[in-house]
Amino acid sequence: MPFPGGLWWLLCCRRGFTLLRRDYGEAEREADGEAEEEEEASFELRAQGDQGSLEVSLSQPTRSSSGSERSLLVAEEMRSLIVEKGPGPVEDDPDALVKGWLQREMRGCMKTPWIRPRKYWFVLTPDSLDYYSSNEKGARRLGSLVLTSLCSVLWPDKQLYKETGYWSVTVFGRKHCYRLYTEHLNEAVRWVCAVQKVIDSKAPVQTPTQLLMRDVEEHRDSPEVLEQIYRCNPILRYTSGPLYAPLLPFPYGSLDQSAPGPRSYTTLRDEAVKLFNSLQQLESERDPVPLMQGVLQTCLDLPPLVDEIYCQLVKQTTEPPAPGGQGDLHYWQLLTCMSCTFLPSPPVLRFLRFHLDRTEIRFPASEMAKYSCFIREALGKTKGRECVPSLEEILVLMQRQEMICTVHCPGAPSCSVAISSHTTAEEVAQELVSRLGLSQSPNLFALYEQSRRREQPVGSATLLADVLTRFENLAGEDREQDPPCRLCFKHYGFLDTDNVPRDSLEFALLFEQAHEMVLRGYVPTSEETLQTLAALRLQSLNSDFSTHAPFPRLEELFPPHVLHARLPPPPHRPPTKCRGARLRAGLLAGGLWGQALAKQRAERDQRLRGRLREEGASTMAAIVEKWKLLQGMGRPEAMAAYMALVREWPGFGSTLFDVDLHASPVGSGPQRLWLGIGAKAVSLYKPGEPEPLDSFCYGRISSFGASDSSTFRLSVEDRDLLFETSQVDEIAQLLNTYLASAGAQRLPRPQEPPTSRPTSEPTVLPQGLCPAAGPWQHRPPVGSSHS
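Residues numbered from 1 in each chain as written. Predicted model: local features only at pLDDT ≥ 70, side-chain atom pairs only at ≥ 80, totals over all residues. Heavy atoms only, no water.

## Considering the sheet that holds strand S16 (residues 671-677)
Going by this rule: Here, a strand pair is defined by DSSP locating no fewer than two bridges between the strands. In DSSP terms, a helix is any run of H or I states spanning at least four residues, a strand is any run of E spanning at least two, and both are numbered starting from the N terminus. Every angle, taken between N-to-C directions, lies between 0 and 180 degrees, and every axis is a line fitted to C-alpha atoms, over only the stretch in contact when it is a helix.
Taken in spatial order, the 7 strands of this open sheet run S18-S17-S16-S15-S21-S20-S19, and their pairing is antiparallel. The open sheet has two edge strands, strand S18 (694-697) and strand S19 (701-708), and neither has a second partner. In this sheet, neighbouring strand axes are inclined to one another by 30 degrees on average, regardless of whether the strands run parallel or antiparallel. Two elements, S16 and strand S17 (residues 681-685), share 4 bridges in a ladder whose sense is antiparallel. Note that in S17 the partner of glycine 676 across the bridge is serine 683.

## Considering the packing of helix H10 (residues 305-316) against helix H12 (residues 346-362)
Going by this rule: Roughly parallel refers to an angle under 35 degrees, roughly antiparallel to one over 145, roughly perpendicular to one between 65 and 115, and oblique to any angle outside these ranges. The crossing is said to be left-handed when, going from far helix to near helix, the turn is anticlockwise and less than a right angle, and right-handed when the turn is clockwise. Only heavy atoms enter the contact rule, under which two residues are in contact if any of them lie within 4.5 Å. Only Asp, Glu, Lys and Arg are considered charged, only Ala, Val, Leu, Ile, Met, Phe, Trp, Tyr, Cys and Pro nonpolar, and every remaining residue, Gly among them, polar.
Packing of H10 against H12 brings their axes to within 10 Å, and their N-to-C directions diverge by 20 degrees. The angle between H10 and H12 places the two elements in the roughly parallel class. Judged by the sense of rotation from one axis to the other, the crossing of H10 with H12 is left-handed. Between H10, through Asp307, Tyr310, Cys311 and Val314, and H12, the contact on the second element is made entirely by Val348, Phe351, Leu352 and His355. Of the residues assigned to the contact of H10 with H12, the class counts are 6 nonpolar, 1 polar and 1 charged.

## With respect to the sheet that holds strand S6 (residues 152-154)
With antiparallel pairing, 7 strands are arranged side by side in an open sheet as S5-S4-S3-S2-S8-S7-S6. On the outer flanks of this sheet lie strand S5 (141-146) and S6, each paired with one strand and no other. Put simply, the sheet's adjacent strands are angled 35 degrees from each other on average, direction ignored. Note that strand S3 (residues 119-124) and strand S4 (residues 128-132) share 4 bridges and pair antiparallel. When the bridges of S4 are listed, phenylalanine 122 appears paired with tyrosine 131. Across the sheet, helix H5 (residues 185-201) is in contact with strand S2 (98-104), S3, S4, S6, strand S7 (167-172) and strand S8 (177-182); its angle to S2 comes to roughly 115 degrees.

The quantities given are spatial measurements derived from coordinates; they are silent on function.
Quick look at the structure:
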């Protein structure tokens, strides 16, 4: 039924009055609310100079507290924060630092183009940011934002100016966020700088928890005073209710959501309150491990929350209703995981150590005392983690035990090593060197992260717990193209490969590593020699030929790229330059002609696969014929013959890196080469060529370093060679290793841009170990390192 005309008029008028009331009457209503909320803000935070006496009782702020007791506290504190202003002219305010007309956003009016934001007269004083209805005498102050050291201000956003035509000035307070707008950039910058200067001039504020932590530290030798502090201040003790404000001060304002990471967060204050709610859920969780890992991940993403979580856990483990119960032990278990992952700031660390001592005294020989002892030892070893503990590590830490790490050794059985959250790759490598009897070897060894398609060394200072966490994350993802990684113990630097005893374990490791080089195509030799090497490999695995002997797959004996090189290249089609021809080709590809092309490609791929199977069968037959000729050769002799053939290549013993040379001594323009880093020289090879294009002994190298994250600079006498590679860190790391192992001093670095990484002098390393992570090895990029 249609509305009568009069009713339509009434609805439109009511809508218009609503918009006018929202535009012009909102400020008056907000003024009263802002004053009340600013008073509430002063209850939570205290100025550093306002230090209460020991007898003052500070309770946890709750939303229901609105009586006279709270009003007295608020009134006393507000007198020190807000300066009352008289009815004099606004423009004659002697305390005004900056004043002028600005437009303030009212309930999203900048997103509503038909409601123009209203202008107000803003005045910045040393204590607050106030705005008035006008600049005339007797104008009413409509609102005030008290400025403390926790306030923040955002710079004008260029994207917002493109969308709205206004430059924004955003000031964050505890309860309010003033979004101000102006049409002039210089005016916006002037306000931002002035507000930031006032914020910087404010003394740091302290929460009641911080004041009480200081009181506890000052009176730790007075048991009676300490008991009075804990009895009179419930904020230090366990609570079953929610927490409405964080225990520590955090800056107001939203977080930078452009930071990398899959999770999105609000403000630090909100996240602190959410984390306390998560902690309370631990008490009733049957499987607390996922929730614990989530809390740890939040602390890793937001480092300022580490101290807050420590304080919350200390609070919840102080005088709980059921000491030693399931809920209480869950708190202690999370505190154990925190101590193995993050190190708190010195004030919180001192408060935590006092809490651990107090727990051991009050509950000796209890589970809480055992966790306290474990946490104290962990805090002395923790230096920071790159990843949060894995689910397996959390389960182990809950039992205060060590993890078992499996390390694979080519040519030898895998080794199981007990590790803790603080065990480094250097410690495990040293233990394996000692366990496998490699202490007298002149060569260097290291742990590698290895999969079928990539391999990279693990830095000596890297925590193995972080490596295992990465493996767990990869296993949880859908990675069909890249199998899960594993830890492998291998040669890292070849200083002497000629004098390795044939009957030693090191010779078996060397043999397996040489075979990996052959399969990856980093031993340039003839196809006939490759077939002989495959036959020797079969002889070392299965002894004499037998039809019942197990046959490995061909790609485990022979380089796959050699077979693919025999296939005919795909037909080359020149690119279509005419726009009309490209359009016709696109239209044809989407119709019947496109289906015919897809069918032709499928048939061609099927023929290539058939051709590849034929080539593989013929190659395997040739390998088997050579295998039959090795009748009677033992495994040690087969391995020795294999190594003798590999050593014929002069580059054996060098680590090869795929690089693009931009300043080539043999030609002009970028050139794909192999950069071989050996114990005595650095060589350049053309891929597949046995002889080097050029070789530089270390005496000819004047300097080396990283020009940027993907460019490695090598200065040889009077010329600079620039290599484009994703393995800059690994190249520099290996060069430093050979120099350090020889006891040489680090060569001088060339003049680099200010963004280059700092230098450090290498040290002579223990025999058999790779170098500690330095400025070049802190986090090697994902890539392949071929030895």
